[in-house]
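Listed below are the residues making up each chain.
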2 protein chains.
Amino acid sequence: MLKFFKSYGIYGLMALLLGLPLLSVAQDNVRWKMVTTWPPNFPVFQEGVERFAKEVEVMSNGRLRIQVFPGGKLVPPLQTFDAVSQGTVQIGHGAAYYWAGKVPAAQFMTTVPFGMTAKGMNAWFYHGGGLALWDELYQPFGLKAFPAGNTGVQMGGWFNKEINTIADLQGLKMRIPGLGGKVLSKAGGTPVLLAGGEIYTALERGTIDATEWVGPYHDERLGLYRTAKHYYYPGWHEPATALELIVNLKAWEALPADLQKIVEVAARALNLDMYAEFEANNLRALRELREKYKVDVREFPAEVLAELRRLTEETLNEEAEKDASFKKVYEAYRAFQADNDAWNAISENAYNRARTQE
Amino acid sequence: MLKFFKSYGIYGLMALLLGLPLLSVAQDNVRWKMVTTWPPNFPVFQEGVERFAKEVEVMSNGRLRIQVFPGGKLVPPLQTFDAVSQGTVQIGHGAAYYWAGKVPAAQFMTTVPFGMTAKGMNAWFYHGGGLALWDELYQPFGLKAFPAGNTGVQMGGWFNKEINTIADLQGLKMRIPGLGGKVLSKAGGTPVLLAGGEIYTALERGTIDATEWVGPYHDERLGLYRTAKHYYYPGWHEPATALELIVNLKAWEALPADLQKIVEVAARALNLDMYAEFEANNLRALRELREKYKVDVREFPAEVLAELRRLTEETLNEEAEKDASFKKVYEAYRAFQADNDAWNAISENAYNRARTQE
């Protein structure tokens with residue numbers, strides 16, 4: 001030490017005194033565990049989450065390291081909410097509508113049939129009051145939420161029966177979860193719950209007549225074109241499936257301000273990046289499905305869509321009667337959506353019409 | 001020092017040895033100057049940039065501080081590119097099409113008439129090769145670019161003459177810059193260049209017959225509804241005006257990896273946040289323009305839009321003949337846009353039709 005003092009003198013001493021508190025800051029190396037609702041290596045979904053964890057680590061210079069576990073590795077996929085809520089892990093990634101049993105209104109934070117597309121959802125989340133409502137919904141569970149990814153408009157699904165009128169939905173056995181499934185029920189169909197891994201075989205064996213999955217990219221990878229006759233659009237039931245990051249509130253509050261901001265900003269960046277990746281992959285996969293696999297891509301008849309929209313409104317109103325918090329969020333969402341519709345009509349919709357008309 | 005050693009012993013010594021390099025890291029406090037092309041307090045644009053600077057400061061715990069100067073404060077707005085390129089300042093914010101005189105192909109990095117909307121632009125930038133092309137264009141100028149904001153589909157503009165046929169554009173004096181202006185010329189109109197602050201008076205005095213500006217939110221603030229008869233849509237000339245962050249390459253390379261990642265991720269987050277803010281403000285302002293100011297909002301006739309689209313293709317082909325790099329980027333852009341159109345047709349466009357049909 002004396003030798004050190006001789007060499008560095010007063011400046012060395014100052015460096016030491018300054019260095020120690022800095023050292024203690026730099027030492028608060030935070031280690032988080034993260035669970036997701038996605039299978040290992042699930043393209044875009046799980047891959048995006050792993051990119052997020054890596055970015056947080058680089059940005060924080062290793063001070064916040066997030067170890068990512070895919071669904072089923074540490075806890076079952078659908079226990080992600082509970083695991084983060086109870087503090088078993090500090091952070092999770094999934095989709096809010098998986099927790100509809102606990103928080104019915106959470107469905108608005110993912111997507112609802114005939115709801116807003118990604119553009120409107122993000123405007124609502126960040127600058128229209130949506131995110132504040134989300135925090136309010138999750139606060140009782142000790143959770144903080146961040147929008148973190150979006151699939152864009154999904155596809156209507158793969159069908160082994162033609163859908164020409166609303167009557168064709170009568171008796172239709174379709175893998176379709178959540179509110180979309182409730183709407184199908186109203187139309188006389190039978191919604192079936194199946195995990196991703198079970199869909200292909202069920203469709204092949206005729207256990208189901210139809211299934212929705214994600215979009216061209218994921219649907220191609222699941223090989224659904226080999227076992228279904230028609231590929232219907234649009235995905236009226238999931239027009240903008242928003243994904244979520246959830247953080248345990250105590251873990252969140254224990255973070256210093258810089259690490260909090262790193263997580264918040266990285267989540268926002270992930271939100272855009274995943275959406276862009278879905279879009280870029282979907283547009284390439286759609287071309288391939290058509291050119292390489294000669295898939296029959298067809299539109300639901302307007303009459304069918306109009307009826308599904310009517311049944312959706314009925315369904316949402318019924319849900320609102322059952323749950324005060326669903327009602328509150330529905331009203332806020334619906335008011336924003338009305339203005340968003342009016343604006344879309346003269347911006348994106350009018351432009352896209354001008355762009356594509358012959 | 002001996003006393004220190006007695007008190008803290010070997011752990012103190014280790015802390016010292018560990019602390020000194022950490023201290024030197026923590027001391028590389030980077031101070032950047034940033035210039036923008038926007039007026040002081042310009043809503044969303046300049047405000048968003050200032051939010052970005054603040055977020056970077058918090059994320060880096062003060063290690064990277066960016067002092068933001070609005071256009072004209074340090075250098076004139078349209079010298080932003082040169083100031084960052086020459087290293088007068090380290091970072092800037094603006095829109096790539098302002099540099100069309102130097103880099104004609106840069107226009108594809110902002111928007112082109114009848115180009116892609118924000119969704120397609122972001123898919124192209126981040127996952128379709130667009131950003132790599134952008135870096136290639138700016139590399140000779142010692143610049144690195146990041147997409148950083150998007151206005152969404154702009155409005156067609158404010159007109160004191162009705163536009164019923166393409167002949168109504170003959171002799172029309174309109175404030176419309178860039179490629180949109182070239183297309184207007186082809187239709188027999190006269191594009192006029194005016195800064196934002198000059199538009200209102202020019203329209204009032206009849207020096208111009210029409211002007212485009214941004215969208216409902218900014219147009220309302222400029223008071224254009226008081227001096228123009230008709231508000232036309234859609235903004236065929238700017239369907240998704242992407243904004244840019246540009247960083248001096250030497251300043252960029254001098255940053256440690258964590259600060260580089262902080263800038264990159266914060267720019268991506270800003271890209272989404274500004275777009276969401278534009279959308280949320282525009283949908284509210286549109287309602288106000290209609291309800292409070294009884295603005296006559298009307299659509300360009302389909303025939304006019306079809307002709308403008310034809311003239312746009314002519315214009316882009318002519319520009320491609322003049323500049324090899326424009327041609328290269330145009331070809332990449334156009335190929336991506338074709339797939340994007342096909343995907344949009346069955347996703348967003350089909351969904352929005354289903355959502356809004358009566």
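This structure is a prediction, so every number in the text was calculated from the model and none was measured.

### Quick word on the overall build of chain A
Then, number 1: What chain A contains, in helices and strands, is 13 helices and eleven strands.
Then, number 2: Over its C-alpha atoms, taken along the principal directions, chain A stretches across nearly 90 × 45 × 45 Å.
Then, number 3: In chain A, once contacts between residues fewer than 6 apart in sequence are set aside, the share between residues at least 24 apart is 76%.
Then, number 4: Of the roughly 13,700 Å² of accessible surface on chain A, 52% is carried by carbon and sulfur atoms.

### Concerning the relation of the copies chain B and chain A
Then, number 1: Rotating chain B by 180° about the axis while translating it 0.0 Å along that axis superimposes it on chain A, leaving an RMSD of 0.0 Å. Seen this way, the second copy is the image of the first under a two-fold rotation axis.
Then, number 2: Comparing interface residues between copies, 100% of those in chain B also lie at the interface in chain A; the contact surface is shared.

### Quick word on the interface of chain B and chain A
Then, number 1: Every contact between the two is made by 84 residues of chain B and, on the other side, 85 residues of chain A.
Then, number 2: Buried area between chain B and chain A, both sides added, is near 7,900 Å², and the carbon and sulfur share of it is 66%.
Then, number 3: Summed over the shared surface of chain B and chain A, the result is twelve salt bridges.
Then, number 4: Here A:R355 ties to B:D341 by a salt bridge, and the two come within 2.6 Å at their closest N and O atoms.
Then, number 5: Where chain B packs against chain A, one counts 32 residue pairs in polar contact (both at pLDDT 80 or more).
Then, number 6: Listing elements by their share of the side of chain B that touches chain A, those giving two or more residues are α1 (2–27), α2 (45–59), α4 (118–127), α10 (257–291), β11 (296–299), α11 (302–322), α12 (324–346) and α13 (348–356) of chain B.
Then, number 7: Of all the elements, α10(B) adds the most residues to the side of chain B that touches chain A, at 24 residues.

### Regarding the nonpolar core
Then, number 1: Ranked by size, the top nonpolar core spans 210 residues in total, and within it A:F52, A:Y138, B:F52 and B:Y138 carry the most contacts.
Then, number 2: Not counting residues within four places of it along the chain, the set of residues in contact with A:F52 comprises A:M34, A:I66, A:I91, A:L245, A:V263, A:A266, A:A267 and A:L270.

### Structural notes on the packing of helix α10 (residues 257–291) of chain A against α12(B)
Packed helices, taken two at a time, are described by the angle their axes make and the gap between the axes.
Then, number 1: Their axes nearest at 9 Å, the elements α10(A) and α12(B) cross at an angle of 85°. Taken together, the axes of α10(A) and α12(B) are roughly perpendicular relative to one another. The segment α10(A) lies against α12(B), with A:E279, A:A280, A:N282, A:L283, A:L286, A:R287 and A:R290 engaging B:F336, B:D339, B:N340, B:A342, B:W343 and B:I346.
Then, number 2: Counted by class, the contact of α10(A) with α12(B) contains seven nonpolar, two polar and four charged residues.

### So, the packing of aromatic side chains
Then, number 1: In total, this model carries 54 aromatic pairs over all chains according to the counting rule given.
Then, number 2: Judged by centre distance (6.3 Å) and plane angle (55°), the rings of B:F326 and B:Y330 are tilted. Pair noted here: B:F326 and B:Y330 are both in helix α12, with a separation of four residues, about one helical turn. The same class applies to B:F326 and to B:Y330, which are both buried.
Then, number 3: Above the ring of A:Y330, the side-chain terminus of A:R334 is found at 4.1 Å from the ring centroid.

### Things to note about the UniProt feature "binding site: substrate" (unreviewed entry) in chain A
Residue and element names in this part refer to chain A.
Then, number 1: The UniProt record marks Q154, R175, E212 and E238 with the feature "binding site: substrate" (unreviewed entry), using the residue numbering of this structure. The annotated residues occupy 85 residues of the chain but converge on a single region, no pair of C-alpha atoms lying more than 14.3 Å apart.
Then, number 2: You can see R175 is positioned in strand β6 (residues 173–175).
Then, number 3: Beyond its immediate stretch of four places on either side in the chain, R175 contacts V192, L194, G196, I199, I208, A210, T211, E212 and W213.
Then, number 4: Separated by 3.0 Å, the side chain of R175 and the backbone oxygen of L194 make a polar contact.
Then, number 5: Inspection of the secondary structure puts E212 in the loop between β8 (210–211) and α8 (216–222).
Then, number 6: Apart from residues no more than four positions distant in its own chain, E212 is found in contact with Q154, G156, G157, M174, R175, I176, P177, I199, H237 and E238.

### A look at the sheet that holds strand β10 (residues 242–248) of chain A
All names here are of chain A.
Then, number 1: Ordered in space as β2-β1-β3-β10-β4, the five strands form an open sheet in which the pairing is mixed. In this open sheet, the two edge strands, each paired with only one partner strand, are β2 (64–69) and β4 (143–150). When the angles between neighbouring strand axes are averaged without regard to direction, this sheet yields 25°.
Then, number 2: Across the sheet, helix α5 (residues 130–138) lies against β4 and β10, angled at about 130° from β4, the strand it touches most.
Then, number 3: Contacts from α10 reach β1 (30–36), β2, β3 (91–94), β4 and β10 within the one sheet, and its direction differs from that of β4 by about 30°.

### Overview of the side chain of A:T117
Then, number 1: Within the element layout of this structure, A:T117 appears in the loop between β3 and α4 (118–127).
Then, number 2: Exposure remark for A:T117: the relative accessible area of 4% places this residue in the buried category.
Then, number 3: Beyond its immediate sequence surroundings of up to four residues, A:T117 is in contact with A:V153, A:P239, A:A240, B:E348, B:Y351 and B:N352.

Conventions used here
- Residues numbered from 1 in each chain as written.
- Chains lettered and ligands numbered in written order.
- Predicted model: local features only at pLDDT ≥ 70, side-chain atom pairs only at ≥ 80, totals over all residues.
- Heavy atoms only, no water.
- Helix = DSSP H or I, 4+ residues; strand = E, 2+ residues; numbered from the N terminus.
- Contact = heavy atoms within 4.5 Å.
- Areas by Shrake-Rupley, 256 points an atom, 1.4 Å probe, with all protein chains shown as cover.
- Least-squares fit on C-alpha atoms with pLDDT ≥ 70 in both.
- Buried area = accessible area lost by both parts, 1.4 Å probe.
- Salt bridge = Lys/Arg side-chain N within 4 Å of Asp/Glu carboxyl O.
- Polar contact = N/O pair within 3.5 Å; in protein donor to acceptor, adjacent residues only side chain to side chain.
- Core = buried A, V, L, I, M, F, W, Y, C linked by side-chain atoms within 4.5 Å.
- Buried < 20%, exposed > 50% of the residue type's maximum accessible area, 1.4 Å probe, protein only.
- Axes fitted to C-alpha atoms, helices over the stretch in contact; angles between N-to-C directions.
- Parallel < 35°, antiparallel > 145°, perpendicular 65-115°, else oblique.
- Nonpolar A, V, L, I, M, F, W, Y, C, P; charged D, E, K, R; others polar.
- Phe/Tyr/Trp six-rings, centres within 6.5 Å; stacked < 30°, edge-to-face > 60°.
- Lys NZ or Arg CZ within 6 Å of the ring centre and 35° of its normal.
- UniProt positions renumbered as here; feature names shortened; annotations may be inferred.
- Pairing = 2+ DSSP bridges.

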